[in-house]
Amino acid sequence: MEFAELIKTPRVDNVVLHRPFYPAVEGTLCLTGHHLILSSRQDNTEELWLLHSNIDAIDKRFVGSLGTIIIKCKDFRIIQLDIPGMEECLNIASSIEALSTLDSITLMYPFFYRPMFEVVEDGWHSFLPEQEFELYSSATSEWRLSYINKEFAVCLSYPPIVIVPNSIDDEAVRKVATFRHGGRFPVLSYYHKKNGMVIMRSGQPLTGTNGRRCKEDEKLINATLRAGKRGYIIDTRSLNVAQQARAKGGGFEQEAHYPQWRRIHKSIERYHILQESLIKLVEACNDQTHSMDRWLSKLETSNWLTHIKEILTTACLAAQCIDREAASVLIHGTEGTDSTLQVTSLAQIILEPRSRTIHGFEALIEREWLQVRKAGHPFQQRCAQSAYCNSKQKWESPVFLLFLDCVWQILRQFPCSFEFNEHFLITLFEHVYASQFGTFLGNNESERCKLKLQQKTMSLWSWVNQPSELSKFTNPLFEANNFVIWPSVAPQSLQLWEGIFLRWNRSSKYLDEAYEEMVNIIEYNKELQAKSI
Amino acid sequence: MEHIRTPKVENVRLVDRVSSKKAVLGTLYLTATHIIFVENASDTRKETWILHSQISTIEKQATTATGCPLLVRCKNFQIVQLVIPQERDCHDVYVSLIRLARPVKYEELYCFSFNPKLDKEEREQGWRLIDLGEEYKRMGLPNSCWQLSDVNRDYRVCDSYPSELYVPKSATAHIIVGSSKFRSRRRFPALSYYYKANHASICRSSQPLSGFSARCLEDEQMLQAIRKANPGSDFIYVVDTRPKLNAMANRAAGKGYENEDNYSNIKFQFIGIENIHVMRNSLQKMLEVCELKSPSMSEFLWGLENSGWLRHIKAIMDAGIFLAKAVSEEGVSVLVHCSDGWDRTAQVCSVASLLLDPYYRTLKGFMILIEKDWISFGHKFNHRYGNLDADPKEISPVVDQFIECVWQLMEQFPCAFEFNERFLIHIQHHIYSCQFGNFLGNSQKERQELKVQERTYSLWAHLWKNRADYLNPLFRADHSQTQGTLPLPTTPCNFLYKFWSGMYNRFEKGMQPRQSVTDHLMAVKEETQQLEEELEILEERLEKIQKVQLNRTKVKSKPSEPSRHSGFSTSDNSTANTPQDYSGNARSFPSRSPSQGDEDSALILTQDNLKISDPDLSGNSDQESGVEDLSCRSPSGGERASEDSSKDRDSDEAVFLTA
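Just so you know, these numbers come straight off a predicted model, no measurement behind them. (Residues numbered from 1 in each chain as written. Chains lettered and ligands numbered in written order. Predicted model: local features only at pLDDT ≥ 70, side-chain atom pairs only at ≥ 80, totals over all residues. Heavy atoms only, no water.)

### Digging into the UniProt feature "binding site: substrate" (unreviewed entry) in chain B
Residues and elements named next belong to chain B.
Now for step 1: Cross-referencing UniProt, the feature "binding site: substrate" (unreviewed entry) maps to Asn275, Ile276, Cys338, Ser339, Asp340, Gly341, Trp342, Asp343 and Arg344 in the present numbering. Judged by maximum C-alpha separation, these annotated positions cover 70 residues in sequence but sit close together in space, the widest gap being only 12.3 Å.
Now for step 2: For Cys338, the position within the fold is in the loop between strand S14 (334–337) and helix H10 (344–356).
Now for step 3: Cys338 gets classed as buried once you look at its relative accessible area, which sits at 3%.
Now for step 4: Setting aside residues no more than four positions away along its own chain, Cys338 makes contact with Ser205, Ser206, Gln207, Asp240, Thr241, Arg242, Asp343, Arg344 and Thr345.
Now for step 5: Those residues in contact with Trp342 that sit more than four places away from it in its chain are Ser160, Arg185, Arg187, Arg204, Gly378, His379, Lys380 and Arg384. (UniProt positions renumbered as here; feature names shortened; annotations may be inferred. Helix = DSSP H or I, 4+ residues; strand = E, 2+ residues; numbered from the N terminus. Buried < 20%, exposed > 50% of the residue type's maximum accessible area, 1.4 Å probe, protein only. Contact = heavy atoms within 4.5 Å.)

As structure tokens, this is what we get:
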């Protein structure tokens, strides 16, 4: 397919662009295969470059022959284009609609993007499973790398290399896979060096209504316990939901078969409930007409902060089991691809100083959410649409955004303990929904392999990890903190993430200036320190 | 002392409000001015001091097996729960505190016994720190249009006004006195702020006694004089900060608001800020929300909204913004009043001044602002903050709201203020503490009669002495945010106003950010300064050496000072804290393993300073999580140990309960 077929009118003159907090700009609008560009053709004026894939929804309306297109982006920005000529406007609108909803992943921008920078460190090879495993194997011999999933023979959504207990052979692992949802057998997520406790994650056990059991499954997870020690199973679903899952062949671990484990049910919402929550929240943020009271009430009804609180609480609980109870933890929900990942990754941020560094956080995202070893948040499905969509597909869900929001909440409470800043989190959010990089394409590792992402696209990390870019993402206040950090989950301590949700609704000028001032203070100090040595 | 029935009670437990399981054992002392709780734990002997004047309510709760609980709520939002073993002791403490918390004479207040060991000269110097006369000069007064009037000398015209006031030159004594007779409590229009740049001004007064039809020629002349004092404009705004309905109701009582037909060239405007009773209830509701034990997000947000608190804050801000815009953008003078002109009027005038003039955003300027619009103009501190026992219906968080408005602005303009959040919190604390004489009584006249300046100390001198604690590291005198009028928002943004947990939950340290950016940056700046000085010395030395070398004498240059450890002890690495109750159950999650330590106490910075200067402030605030640790770790007392183990069993159940 040629993009040209979709672009009936590639160019319109005298288009006026309206954006919040900027004066209107008149210029020429151009459509390319992947971008919408508005250029005023004057020096020193900013041009608008918008990826079609960032467009969530468009509205059009006409007054006489003047057409107006309102573009709502996945990063929640809303811009308006006034286009003279009804035909041009209709053409532009239909092209945008087609180009922003391309079916085939291989037509997306990352497959066409040619980087203008020199790749120093290829992000595709920055976080190899073997390397990551080495970090653990130096501390313990209880775990081993297994190549059982080569060719994705056991589990489609797992990567080819996984970490399993040393004492469990591949044959047993194969059997366990048949007992867990999607073949997602329990694998190592995190090893707490301080006391040797671990976080494992998996899909739900397929007990069904007749209480099926699997000796190998029991043996596998028991292999992670020390003699006489107990572990915790954190089910991210409420007991009720978990019980209902039995009717569909799923279920939860029965006490009788797992006597060494205590099960805790938490209820983290999933799928469309989260999506609807996001839609309501963004609607509330964009509505400037209501009174103070209705703002708080809308914030409340969106339930967004309730989800944040629930996810953070569960992650803290898992971390507490590990660090304070000295007990290992197995975490799962239903598939083990959403709430499970939120909890395992946040628990690591709390427990492990490394995951609070830029490189460590990237590794965490790779390990927990992307390809290496664990695998499998279905980014393509979850992030196809954002807050302005009306398609209401069950699988669309801002799971990763919630995770980033939780990280921001911890960052706000421990502003000196993270190597990265808020801008880094916002950038990740943007690239999850629309990007020139291939990192977040596809739904799981096997899909990503078929797409040959590593060969055909550029990794986001290749760009982020260049020194020139890194400096923008570095938190000037950072000072390595080797402690466990326990965030507060009280409602008084949790805030709306303004940097994301109010980004386009209020001027950030004075906050940006404050950040700059902070950087200057610290830079000047460093300069003097360098001099005085 | 005659009110203290039991000066000392042993084996009292101080209960942690966040997790009720954790409590520390200690001894309770009652003194003439403080409640003091001293922990038994031998190594720390931590002390919690509460001033009687801070006590808002005391509640005796139902006796339980462990003893008699006493709940003390403070005006600085601290809540302390004590469990006293004997019912009789508890009753004695309760009765004593009821009396001690409600002094009937000014002489009983702390400021008359507080002695910071300063000599007379220092004390007097302290009182001279803030000089309103100088302040009006700074504004550019007197000038051809405004003059200092002595019409209120000896408080002859209005006993709640200061003796020295600025009025328009064309307003004769006759006009002023005539106008004062037509205004509630004779609070005639007088200058609050003069905007040098365009001669517009903000004046304040009480409501006119207009009823349904009354008018007063002198009052009309007075407003005319205010208009004439601003040659750039042919009208003035008259802003009534009350809701229209309230103002109309006042007409029936012979009061009311200006009739535009009677006054030439005024534009009349209502700005609906609610009265003190609504505000008192609103705060009460919000505090109830803050006090909830592990509330859900919905309960909290719903309760916050229902309290209406942030709506009221926004109303005050909107009024201040209206004034500032009228003055700076339109160049039009404004007369502001509410009913008596000492609550809402004070709020609105001071917010407007703060927006207009960067000087008020400095440490000293802010003190002057409070001195000008609140203290001198007769804000009834004694009545509003219940310093002496009086009508509870007079109590209302009027100045608290102003202080919160300042905080909200600080959040929006982080570089614009020379002072930090701590400064605001300490001012709020001392308005209630009665430790200093500044806020005594209801007017300047009363303070003069009480001889406040001879018998007490000034808060401003105390804050000024410790100013290093109150500086905002992001403030720079040459920064664009510190120049001129603050950029005023054009569209109303509700989401700009946020809940201030640093104030209303300030004693719940676990809820506050665990690392302070402010303190971190202050430490960096301090180090920078030291480095600058060192480098200067080194450069001098280098010069000398070069000279010496020129003289062909060989001298080995001394190695520079060893490089500094780059960590800033105030904030780094001290982040270990204890986990909170994450099990979603009232019962706390067990924490058996030894914690990493109490480093977080170092995090709740500045406590050292507080301990020196404000023992009452530090109170129970620091080391809260440290206390938690101690309670479950230290084997002090076999009783506790056994309790702990049973707690563990319980909590395991608790974990299951959620399952």
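### Description of the domain arrangement of chain B
Residue and element names in this part refer to chain B.
Now for step 1: Assigned domains of chain B: these are domain 1 (8–102) and domain 2 (133–509).
Now for step 2: Computed over C-alpha atoms, the centres of domain 1 and domain 2 are 37 Å apart.
Now for step 3: Listed as interface residues are 14 residues of domain 1 and, on the opposing side, 20 residues of domain 2.
Now for step 4: Across the domain 1/domain 2 interface, buried area totals approximately 1,500 Å², and carbon plus sulfur atoms make up 52% of it.
Now for step 5: Broken down residue by residue, the surface that domain 1 buries against domain 2 is led by Arg17, Lys75 and Phe77, which jointly contribute 45%.
Now for step 6: Taken together, the links from domain 1 to domain 2 amount to 1 salt bridge.
Now for step 7: Arg73 is the partner of Glu291 in a salt bridge, and the nearest nitrogen-oxygen pair spans 2.8 Å.
Now for step 8: Where domain 1 touches domain 2, the interface holds 7 residue pairs in polar contact (both at pLDDT 80 or more).
Now for step 9: When the residues that make up the side of domain 1 that touches domain 2 are grouped by side-chain class, the tally is 5 nonpolar, 5 polar and 4 charged. (Domains from an automatic or database assignment. Buried area = accessible area lost by both parts, 1.4 Å probe. Salt bridge = Lys/Arg side-chain N within 4 Å of Asp/Glu carboxyl O. Polar contact = N/O pair within 3.5 Å; in protein donor to acceptor, adjacent residues only side chain to side chain. Nonpolar A, V, L, I, M, F, W, Y, C, P; charged D, E, K, R; others polar.)

### Points about the sheet that holds strand S3 (residues 34–39) of chain B
Residues and elements named next belong to chain B.
Now for step 1: The strand order S4-S3-S2-S1-S7-S6-S5 describes an open sheet built from 7 strands, whose pairing is antiparallel. A single partner strand is all that each edge strand has here, and the edge strands are strand S4 (47–51) and strand S5 (55–60). Averaged over all adjacent pairs, the angle separating strand axes in this sheet is 30°, with direction ignored.
Now for step 2: Looking at chain direction, strand S6 (residues 68–74) and strand S7 (residues 79–84) are connected through 6 bridges and run antiparallel. From the neighbouring strand, Leu71 faces S7, where its bridge partner is Gln81. (Pairing = 2+ DSSP bridges. Axes fitted to C-alpha atoms, helices over the stretch in contact; angles between N-to-C directions.)

### Section: H10(B)
Now for step 1: The end-to-end C-alpha distance of H10(B) is 18 Å, a good match for the 18 Å that 13 residues give at a rise of 1.5 Å each.
Now for step 2: Among the 13 residues of H10(B), 13 are classified as buried, and the element is accordingly described as predominantly covered. (Expected span 1.5 Å × (residues − 1).)

### Some thoughts on the packing of helix H9 (residues 304–323) of chain A against helix H8 (residues 297–307) of chain B
Now for step 1: Axis separation between H9(A) and H8(B) bottoms out at 9 Å; the angle between their running directions is 140°. Judged by the angle between their axes, H9(A) and H8(B) are oblique. H9(A) and H8(B) meet at a crossing whose hand is right-handed. Residues Leu305(A), Thr306(A) and Lys309(A) of H9(A) pack against Met297(B), Ser298(B) and Leu301(B) of H8(B).
Now for step 2: Its residues assigned to classes, the contact of H9(A) with H8(B) comprises 3 nonpolar, 2 polar and 1 charged. (Parallel < 35°, antiparallel > 145°, perpendicular 65-115°, else oblique. Left-handed = near helix turned anticlockwise from the far one by under 90°.)

### Considerations on the environment of Arg213(A)
All names here are of chain A.
Now for step 1: Inspection of the secondary structure puts Arg213 in the loop between strand S11 (197–201) and helix H5 (215–222).
Now for step 2: Between the C-alpha atoms of Arg213 and Ala57, which are 156 residues apart in sequence, the distance is 47 Å.
Now for step 3: In contact with Arg213, not counting residues within four places along its chain, are Phe179, Glu218 and His257.
Now for step 4: Separated by 2.9 Å, the side chains of Arg213 and Glu218 make a polar contact.

### Points about the sheet that holds strand S13 (residues 266–270) of chain B
Residue and element names in this part refer to chain B.
Now for step 1: Taken in spatial order, the 5 strands of this open sheet run S10-S11-S14-S12-S13, and their pairing is mixed. Two strands close off the open sheet at either side, each with one partner strand: strand S10 (190–194) and S13. With strand direction ignored, the average angle separating the axes of adjacent strands in the sheet is 25°.

### Brief notes about the packing of aromatic side chains
Now for step 1: Throughout the structure, instances matching the rule amount to 57 aromatic pairs over all chains.
Now for step 2: Measuring from ring centre to ring centre gives 5.1 Å for Trp369(A) and Phe403(A), while their planes differ by 35°; the resulting arrangement is tilted. You can see Trp369(A) sitting in helix H11 (residues 358–369) and its partner Phe403(A) sitting in helix H13 (residues 399–413), a full 34 residues away along the chain.
Now for step 3: On the basis of an interplanar angle of 45° and a centroid distance of 5.0 Å, the ring pair of Phe381(B) and Phe439(B) is categorised as tilted. (Phe/Tyr/Trp six-rings, centres within 6.5 Å; stacked < 30°, edge-to-face > 60°.)

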